[in-house]
Amino acid sequence: MTDLNQNKFSSQTAIPLQFFELNQDAHIIQSDEEAIQIAKNLAQEFAKEASQRDIERRLPLDEIQQYSQSGLWGINIPKEFGGAQVKYRTLAEVVKIISSVDSSLGQIAQNHWAFVEHLRLDASQEQKKFFFAEILKGRRLGNAFSEKGSKTVADLTTKIHKTENGYEINGQKFFATGALLAHWIPVVAVDEEGKPVVALTPRNTHGLEIINDWSGFGQRTTASGSVSLNQVQVDAKYVVPIHQAFERPTAAGAISQFIQAAVDAGIARGAIDETIQYVRHHSRPWIDSGLEKASDDPYTIAQIGELKIKLRAAEAVLDLAGDAIDRAIANSTEETVTEATLLVAEAKVLTTEIAILATNKLFELSGTRSTLSELNLDRHWRNARTHTLHDPVRWKFNIVGNYYLNNIQPPRHPWS
């Protein structure tokens, strides 16, 4: 990691090594109710400097430490391995609560939680014991999945091959959200048979370089930049055959999409709350209304009502999707997995639509002064527009329609 890259894309020149040290084990959450309460407490703290972090592109180091030490990063670990195994609607609520105040923080943990399910599905018993214990202690998983420049998102050029001592990986990753702040980097690579596997790689491994070159106009503090892998050596005991999750009916793909939808719902929730506060305290009534307060404007009132109704609908379908995921985990069949995939697709459509609508209406209902740079309210729209670009919703319509019209099963991959 070079100072040039850090200075260009962040206000920080380096991440201190003590950031990765664990002075004590993380708290272990015991129930769904506790998870939600802890998320609410953290959100109050995370909200305080969220806007300033966005302005400065300042990475949320203290916040990430609090977040992972709170125990929330381990709440979907199975009970048999010491986790709370919360309901997926509870996980979504946690994501929404955090994302409503800082959607970068909401996204940073996204792939961590999704990979916990991959470990549950395809890791060996020894791997599960080791990595679930690591996570419950407070260690974070990053993300080195996607690449840029390939024909499609599924065309991977990063290769892994066997050596005398284990495996070696070579390649280049991008959109590596959370990798810069993680203890372990799950790297997706294609093996000699052309199948994708994940190699969980310690962050200080020789040949592994994590570069903070994310320049997106939204989700600025996710550090979703590059990972370079040059003759990276990986122990065989850290390689997980994740392709197996898509060779049989599992909820793996639905879970990945579900957490993304929860981030978008959180963005919408935060934007609507911001709109209500601004209209109440700062907006002026229109000259022709004859009203004393902008909050008495019947057109504004109706549009706030519309936003709240559409948000409730999106969150309700998201809850239904979470329940379907729980059923698919308990009994993985074509029917249960299809139900979960379809409901997640529907939730993804609705959360995308309300996130974009709410962050646009924020300015329309608040007025011209709400665009002042010092308020930084545009961060909500920038975050919504950036994060909702994950896995285009126009294909979600296709998945749902093709199932009901032509009895075509949803595709089985992480992007459906």
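Residues numbered from 1 in each chain as written. Predicted model: local features only at pLDDT ≥ 70, side-chain atom pairs only at ≥ 80, totals over all residues. Heavy atoms only, no water.

S.K.: With reference to specific residues and values, describe the nonpolar core.
M.R.: In this structure, Tyr67, Leu72, Leu119 and Leu200 are the most contacted members of the largest nonpolar core, which totals 109 residues. By residue number, the principal contributor to this core is helix H9 (residues 252-281), which donates 14 residues. With sequence-adjacent residues up to four places away left out, Leu200 is seen in contact with Phe115, Leu119, Phe131, Leu141, Trp184, Ile185, Pro186, Val234, Tyr238 and Val240. (Core = buried A, V, L, I, M, F, W, Y, C linked by side-chain atoms within 4.5 Å. Buried < 20%, exposed > 50% of the residue type's maximum accessible area, 1.4 Å probe, protein only. Helix = DSSP H or I, 4+ residues; strand = E, 2+ residues; numbered from the N terminus. Contact = heavy atoms within 4.5 Å.)

S.K.: Please provide a residue-by-residue account of the packing of aromatic side chains, values included.
M.R.: This model, assessed by the stated rule, comprises 18 aromatic pairs. Plain terms: the ring middles of Phe175 and Trp214 are 6.4 Å apart, the flat faces sit at 65 degrees to each other, and that makes the pair edge-to-face. Of this pair, Phe175 sits in the loop between strand E2 (166-173) and strand E3 (184-190) while Trp214 is found in the loop between strand E5 (208-211) and strand E6 (226-234), placing the two residues 39 residues apart along the sequence. Judged by relative accessible area, which is 38%, Phe175 ranks as partly exposed. Judged by centre distance (5.0 Å) and plane angle (80 degrees), the rings of Trp184 and Tyr238 are edge-to-face. Note that Trp184 is positioned in strand E3 and Tyr238 in the loop between E6 and strand E7 (239-240), a separation of 54 residues in sequence. For the residue pair Trp184 and Tyr238, the accessibility class agrees, reading buried in each case. Three or more aromatic residues joined by ring pairs form one cluster here, namely Phe46, Tyr67, Trp73 and Trp113. Between the NZ or CZ atom of Lys148 and the centre of the ring of Phe174, over which it lies, the distance is 4.1 Å. The ring of Phe20 has Arg203 lying over it, and the distance from NZ or CZ to the ring centre is 3.6 Å. (Phe/Tyr/Trp six-rings, centres within 6.5 Å; stacked < 30°, edge-to-face > 60°. Lys NZ or Arg CZ within 6 Å of the ring centre and 35° of its normal.)

Shape descriptors only; they carry no functional weight alone.
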